[in-house]
Amino acid sequence: MATGEQNTIPDSGPRHVACIMDGNGRWAKSRGRPRLFGHHMGARRVKEIVRACPDLGVKYLTIFAFSTENWKRTQSEVAGLMKLFRRYIQREARDLLAEGVRVRFIGDRVRLDDKLVRLMDELELLTSRNDRVHLTIALNYGGRDELGRATKRLAAEVAAGRLSPADVDETTLARFLDTHVLPDPDLVIRTSGEARISNFLLWQSAYAEYEFIDTLWPDFTKAEFARVLGGFGARDRRFGAVTA
């Protein structure tokens, strides 16, 4: 973990940054390599960005690793990604613990294989006392799916008589989301030049700022991360109000 660098982001910088890590496959294809090679290089970039967070004033980082729609990819690519996730957890667990990173996973775990789920549970428990950086990994995640699951849990509470329908409001629903222990993101970054949110943190990003950049994820360096964060403080976030 770098300790000698000065924080280059002003106090007005984002505390919670979410990243749609797009472009791994295209990055690999442009180099004549298989798509999975791009995903492996993208995983290396995750490590660099996580390590950069303390120096850049970012307390919470949420990354979109695998969506509920990604099951539509080829069987070989999906299997390769699942193997990559297992390998990432096994290889990075010790460093994440030592560097003060608390890891959480969001998304529906039902479709994931038992070994991967067990590794996810173990990593969450292992890092549960860390507080330097909070890394949330969205795995088999979709914003609409999350809202559907949250609504079912809320409805069950109402049906059981533990919650009155009259008491249900937006803050009530938020307590049932996968991210209920996290602050909402201040900034969402999407790499690779695509300008869409792809079903990511739909509820939580209601007032987030968005930055769509052309860089492919494996080329997204700490320096570019710092540049994007540096522009955040210049934005006027009014949250629906009017500045006098």
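Residues numbered from 1 in each chain as written. Predicted model: local features only at pLDDT ≥ 70, side-chain atom pairs only at ≥ 80, totals over all residues. Heavy atoms only, no water.

Draft legend 1. Broad picture of the pattern of salt bridges. Evaluation of the coordinates by the stated rule reveals 21 salt bridges. Arg190 is the salt-bridge partner of Asp22, the closest N and O atoms lying 2.9 Å from each other. A residue pair is termed long-range when its members are at least 10 positions apart, and Asp22 in the loop between strand S1 (16–20) and helix H1 (24–29) and Arg190 in strand S5 (residues 187–190) qualify at 168 residues. For Glu99, the salt bridge identified is with Arg51, shortest N-O distance 2.7 Å. One end of the pair, Glu99, is in the loop between helix H3 (75–98) and strand S3 (101–106); the other, Arg51, is in helix H2 (residues 35–52), and 48 residues separate them in sequence. Taking the relative accessible area as the measure of exposure, Arg51 reaches 31% and is therefore partly exposed. Salt bridges here are not isolated pairs; linked through shared partners, they connect Asp22, Arg26, Arg190, Glu194 and Arg196. (Salt bridge = Lys/Arg side-chain N within 4 Å of Asp/Glu carboxyl O. Helix = DSSP H or I, 4+ residues; strand = E, 2+ residues; numbered from the N terminus. Buried < 20%, exposed > 50% of the residue type's maximum accessible area, 1.4 Å probe, protein only.)

Draft legend 2. Seen up close, the packing of H2 against H3. In contact at an axis separation of 10 Å, H2 and H3 are set at 30 degrees when each is read in the N-to-C sense. Comparing their axes, H3 and H2 come out roughly parallel. The way H2 lies across H3 gives a crossing that is right-handed. Residues Arg35, Leu36, His39, His40, Ala43, Val46, Lys47 and Arg51 of H2 touch H3, and the partners they reach there are Ser76, Glu77, Gly80, Leu81, Leu84, Arg87, Tyr88, Glu92 and Asp95. Partitioning the contact of H2 with H3 into residue classes produces six nonpolar, four polar and seven charged. (Axes fitted to C-alpha atoms, helices over the stretch in contact; angles between N-to-C directions. Parallel < 35°, antiparallel > 145°, perpendicular 65-115°, else oblique. Left-handed = near helix turned anticlockwise from the far one by under 90°. Contact = heavy atoms within 4.5 Å. Nonpolar A, V, L, I, M, F, W, Y, C, P; charged D, E, K, R; others polar.)

Draft legend 3. How the structure looks around the nonpolar core. Core analysis: the biggest nonpolar cluster contains 47 residues, and Leu61, Leu135, Ile189 and Phe225 have the highest contact counts within it. Here this core gets nine residues from one element, more than from any other, and that element is H3. Apart from residues lying up to four places away in sequence, Phe225 is in contact with Val17, Ile49, Ala52, Cys53, Leu56, Val58, Ile189 and Phe220. Listed in part, the ten residues of the second largest apolar core include Ile20, Ile106, Ala138 and Val188. (Core = buried A, V, L, I, M, F, W, Y, C linked by side-chain atoms within 4.5 Å.)

Draft legend 4. Structural detail: the UniProt feature "active site" (unreviewed entry) in the protein. UniProt annotation of "active site" (unreviewed entry) refers to Asp22 and Asn70 when read in the numbering used here. Sequence-wise these annotated residues cover 49 residues; spatially they are packed, their C-alpha atoms never more than 12.3 Å apart. With a relative accessible area of 17%, Asp22 lands in the buried category. Excluding its chain neighbours within four sequence positions, the residues that come into contact with Asp22 are Arg190, Thr191, Ser192, Glu194, Leu216 and Trp217. A distance of 3.2 Å separates a polar atom in the side chain of Asp22 from a polar atom in the side chain of Arg26. Here Asn70 is to be found in the loop between strand S2 (60–67) and H3. Taking the relative accessible area as the measure of exposure, Asn70 reaches 15% and is therefore buried. (UniProt positions renumbered as here; feature names shortened; annotations may be inferred. Polar contact = N/O pair within 3.5 Å; in protein donor to acceptor, adjacent residues only side chain to side chain.)

Draft legend 5. Structural detail: the sheet that holds S1. Here six strands make up an open sheet; going across it, the order is S3-S4-S2-S1-S5-S6 and the pairing parallel. Two strands close off the open sheet at either side, each with one partner strand: S3 and strand S6 (209–212). On average, each strand axis in the sheet is inclined to that of its neighbour by 20 degrees, with strand direction left out of account. Relative to S6, S5 is paired through four bridges, and the arrangement is parallel. Paired with Arg190 across the strands is Phe212, a residue of S6. Against the sheet, H3 engages S2, S3 and strand S4 (133–141), with an angle of about 155 degrees to S2. (Pairing = 2+ DSSP bridges.)

Draft legend 6. Spatial organisation of unusual backbone geometry. Of note in this structure, Ser192 is not a glycine but carries a positive phi near 85 degrees. Note on placement: Ser192 falls in the loop between S5 and S6. Even without a glycine there, the phi angle at Ser198 is positive, about 50 degrees. Among the secondary structure elements, Ser198 is positioned in the loop between S5 and S6.

Draft legend 7. Representation of the pairing of S2. Among the eight residues in S2, seven count as buried, and that is most of the element. Across five bridges, the pairing between S1 and S2 is parallel. Bridge pairing links Cys19 to Ile63 in S2. The pairing of S2 with S4 spans seven bridges and is parallel. Looking at the pairing, Tyr60 lines up with His134 of S4.

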